[in-house]
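# Summary of structural features
Listed below are the residues making up each chain.
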Amino acid sequence: MRQLFRNDRMWRAHELKGAYDVVIIGAGVHGLATAYYLGRRYGVRKIALLDKGYLGYGASGRNTAILRSNYRTPEGVRFYNASLKLYEELSAELGWNLLFSQCGHLTLGHTDTAVAGLRVRAETNQLLGVDSRIIYPAEIQKLVPHIDCSDRPRYPIMAALYHPPGGIIRHDAVVWGLARACDRMGIEIHPLTEATGIRVARRRAEAVMTNRGAVAAGTVVNATAGWASTICQMAGVSMPIVTHPLQACVTEPLKPFLDAVIVSASLHVYVNQTGRGELVIGSEIDPYQSYSMKGTLPTLEQMASSALELFPQLHNIRVLRQWAGICDMTPDFAPIIGRCEELDNFHVDVGWGTYGFKAAPAAGRYLAEWIATGKVPDIIAAFSPERFRRRRLVGEKAAAAVSH
Amino acid sequence: MSFRIPCPQCGERSVYEFRFGGEYSKRPQPGADEDEWYQYNFVRRNEMGSQTEWWYHRLGCRQWLRAVRETRTNKVIRAYFPDETEQTDRGPG
């Protein structure tokens, strides 16, 4: 019996070899997705995924598992929509239930300016074939019977951007499913293997130093979140990134009553109910840069008071846990994906701020294409590391700052 | 993690009285080339460890000050007003 479980391990442990075709630093959902698509679509199997912690220790296990594609810029909408489509197929592809529930996503507007912003997003989304439209309190109340649409709150709800394909997924399942699929293809996953340096020579990242020895690499990928700057510094690459903590909390389980993801950028809060009945409440990023992953009382108070503005009947509910993850914020709230100008074989998949989890399949799929073919896929060309120098920013703040 | 900043004017106060102004960097002089402006506008060291940064005491003396903070633990090592002689660095704007 014991043997049966041993053979069915999700992924196996390996000795660290001296060289790999591709070394991916960060075995979170982005690193795993990149390895998965490299293996599955391009037959690249000599890959090592290095992670300083256990799988899902970082942002992959700390996010609020919300998926959506109702972004603001055409580049963003196209990209996140491709990701959502990949997520829709992922359970079947991996043979592993990811518990994806497309329950719908509502971004609330409480002021004229906020509603104007939502309108721009609705129009852009519709032009690009994404199901997204403006709805008003009567319809909001029908979709979410328990939300307070009255005039009682200081900022009553005026309208919402309704995005039916949005929803929540089980984030740990995504990590485990991808890890299992990578392992079955012979891709090696190395937890507790911390990158401590990168040897650079002749414009190439030749090897990654780790606490378990040096590994030579054909291509090095930095797929870390939170520590992207520190890994880039090892390779002598500078980044326009600052790291901020982001906090969330979860309440005790309640009878299912909320079947949509609710986001309010004006109140800096988002709420959804998990399959277990717990309410997951998230806030905006902490107002200062930090690598500390500890929660704070002021943020917990802010999450609670904002959630009560939307659902006043929750006033007696207890909080089970509160946690923080660290987010790499970029100046334009869009990610940085691609090969760095400074080196010929160093790719980054970083700057994922507060919107990385939902983007993992597309980021992995197209970065894999870039690495395998050497050509820049159109869909991620706008997110290249050089865009800041060229002043070609992808202004995604309106749709990404709080609405995760 | 929440913390306090020892304001040189007002004493030790909660971080929520302050506005974070980002890591300290030198503003390029007039006539600086594009690369210098690119570095100043976009590139951040994002130090994991001790970092010098700008803070504005918005609910206190309303002055810009500099603090040296350990970014892993949020421990503020010291806070001070910038030297009067540094004419070009009066806050991040």
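Residues numbered from 1 in each chain as written. Chains lettered and ligands numbered in written order. Predicted model: local features only at pLDDT ≥ 70, side-chain atom pairs only at ≥ 80, totals over all residues.

### Some thoughts on the overall build of chain A
Tallying secondary structure elements over chain A gives 12 helices and 18 strands in all. Taking 2.2 N^0.38 as the reference for a compact globule, 404 residues should give roughly 22 Å; the C-alpha atoms of chain A span a radius of gyration of 21 Å, in line with that estimate. Along the longest, intermediate and shortest principal axes, the C-alpha atoms of chain A span 65 × 60 × 40 Å. Within chain A, buried positions represent 53% of all 404 residues. Counted over contacts in chain A with a minimum sequence separation of 6, partners at least 24 positions apart contribute 77%. (Helix = DSSP H or I, 4+ residues; strand = E, 2+ residues; numbered from the N terminus. Rg over C-alpha atoms; globule rule 2.2 N^0.38 Å. Buried ≥ 20, exposed ≤ 12 C-beta atoms within 10 Å, placed from the backbone. Contact = placed C-beta atoms within 7 Å.)

### Some details on the pairing of strand β6 (residues 159-163) of chain A
All names here are of chain A. Of all five residues in β6, five are buried, a share of seventy percent or more. Neither face of β6 is open: one carries A159, L161 and H163, the other A160 and Y162, and all of them are buried. Bridge analysis of strand β5 (residues 133-135) against β6 gives three bridges, and the strand direction is antiparallel. Bridging across to β6, I135 finds its partner in A160. (Pairing = 2+ DSSP bridges.)

### Overview of the packing of helix α2 (residues 29-42) of chain A against helix α7 (residues 171-184) of chain A
Residues and elements named next belong to chain A. Following both chains from N to C, one finds α2 and α7 inclined at 35°, their axes separated by 9 Å at the closest point. Both α2 and α7 take part in a crossing whose hand is left-handed. Only V174, V175, L178, A179, A181 and C182 of α7 make contact with α2, whose side of the interface consists of V29, L32, A33, A35, Y36 and G39. Grouping the amino acids of the contact of α2 with α7 by side-chain chemistry returns 11 nonpolar, one polar and no charged. (Axes fitted to C-alpha atoms, helices over the stretch in contact; angles between N-to-C directions. Left-handed = near helix turned anticlockwise from the far one by under 90°. Nonpolar A, V, L, I, M, F, W, Y, C, P; charged D, E, K, R; others polar.)

### Points about the domain arrangement of chain A
Residue and element names in this part refer to chain A. The assigned domain composition of chain A is domain 1 (2-63 + 172-240 + 332-400) and domain 2 (101-167 + 243-329). With 15 residues of domain 1 at the contact, the number on the domain 2 side is 11 residues. The class makeup of the residues in the side of domain 1 that touches domain 2 is seven nonpolar, seven polar and one charged. (Domains from an automatic or database assignment.)

### Describing the sheet that holds strand β5 (residues 64-70) of chain B
Residues and elements named next belong to chain B. Strand order in the open sheet made by the four strands is β3-β4-β5-β6, with antiparallel pairing throughout. Of all the strands in the sheet, just β3 (19-23) and β6 (75-80) have a single pairing partner and so form its edges. Averaged over all pairs of adjacent strands, the angle between strand axes in this sheet comes to 30°, irrespective of strand direction. The pairing of strand β4 (residues 50-56) with β5 spans seven bridges and is classified as antiparallel. Counted as the bridge partner of W55 is L65 from β5.

### Comments concerning the interface of chain A and chain B
Contacts between the two partners involve 20 residues from chain A, matched on the other side by 15 residues from chain B. Looking at the side of chain A that touches chain B, the elements that each hand over two or more residues are α8 (228-234), β12 (242-251) and α9 (297-310) of chain A. A per-class count over the side of chain A that touches chain B returns 10 nonpolar, eight polar and two charged.

### What about the sheet that holds β6 of chain A?
One key point about sheets: their strands pair by backbone hydrogen bonds, in either a parallel or an antiparallel sense. Residue and element names in this part refer to chain A. Taken in spatial order, the eight strands make up an open sheet running β5-β6-β4-β13-β14-β15-β12-β16, and their pairing is mixed. The open sheet has two free edges, formed respectively by β5 and β16 (319-329), since each of these has just one partner strand. Adjacent strand axes in the sheet meet at a mean angle of 20°, parallel and antiparallel pairs treated alike. With five bridges joining them, strand β4 (residues 105-109) and β6 adopt antiparallel strand pairing.

### Focus on the environment of V68 of chain B
Following the sequence through the fold, V68 of chain B ends up in strand β5. Excluding residues within four positions of it along the chain, V68 of chain B makes contact with S50, T52, I77 and R78 of chain B.

### Some words on unusual backbone geometry
Of note, R391 of chain A is a non-glycine position whose phi angle comes to about 55°, a positive value. Tracing the chain through its elements places R391 of chain A in the loop between α11 (378-381) and α12 (397-400). A positive phi angle, close to 65°, is found at N74 of chain B, a residue other than glycine. With respect to the element layout, N74 of chain B can be found in the loop between β5 and β6.

### Regarding the environment of L393 of chain A
All names here are of chain A. Relative to the helices and strands, L393 is located in the loop between α11 and α12. Along the sequence, L393 and R12 sit 381 residues apart, while their C-alpha atoms lie 41 Å from each other. Apart from residues lying up to four places away in sequence, L393 is in contact with P331, D332, R387 and F388.

### Side note on the packing of α2 of chain A against helix α10 (residues 360-373) of chain A
Angle between the axes and distance between the axes are the two parameters that describe a pair of packed helices. All names here are of chain A. Where α2 contacts α10, the two axes come as close as 7 Å, and the packing angle between them is 50°. Here α2 lies oblique to α10, going by the angle between them. The two elements α2 and α10 cross, and the hand of that crossing is right-handed. Residues V29, H30, A33, T34, Y36, Y37, L38, R41 and Y42 of α2 touch α10, and the partners they reach there are A360, P361, A363, G364, R365, L367, A368, I371 and A372. Looking at the contact of α2 with α10 residue by residue, the classes come out as 13 nonpolar, three polar and two charged. (Parallel < 35°, antiparallel > 145°, perpendicular 65-115°, else oblique.)

### Some details on the confidence of the model for chain B
Residue and element names in this part refer to chain B. Looking at chain B, the pLDDT average stands at 90 and 88% of residues meet or exceed 70. Mean pLDDT values for the elements of chain B range from 94 in helix α1 (residues 34-41) up to 97 in strand β1 (residues 4-7). At the level of chain-chain contacts, confidence expressed as ipTM amounts to 0.91, with global pTM at 0.94. (pLDDT = per-residue confidence, 0-100.)

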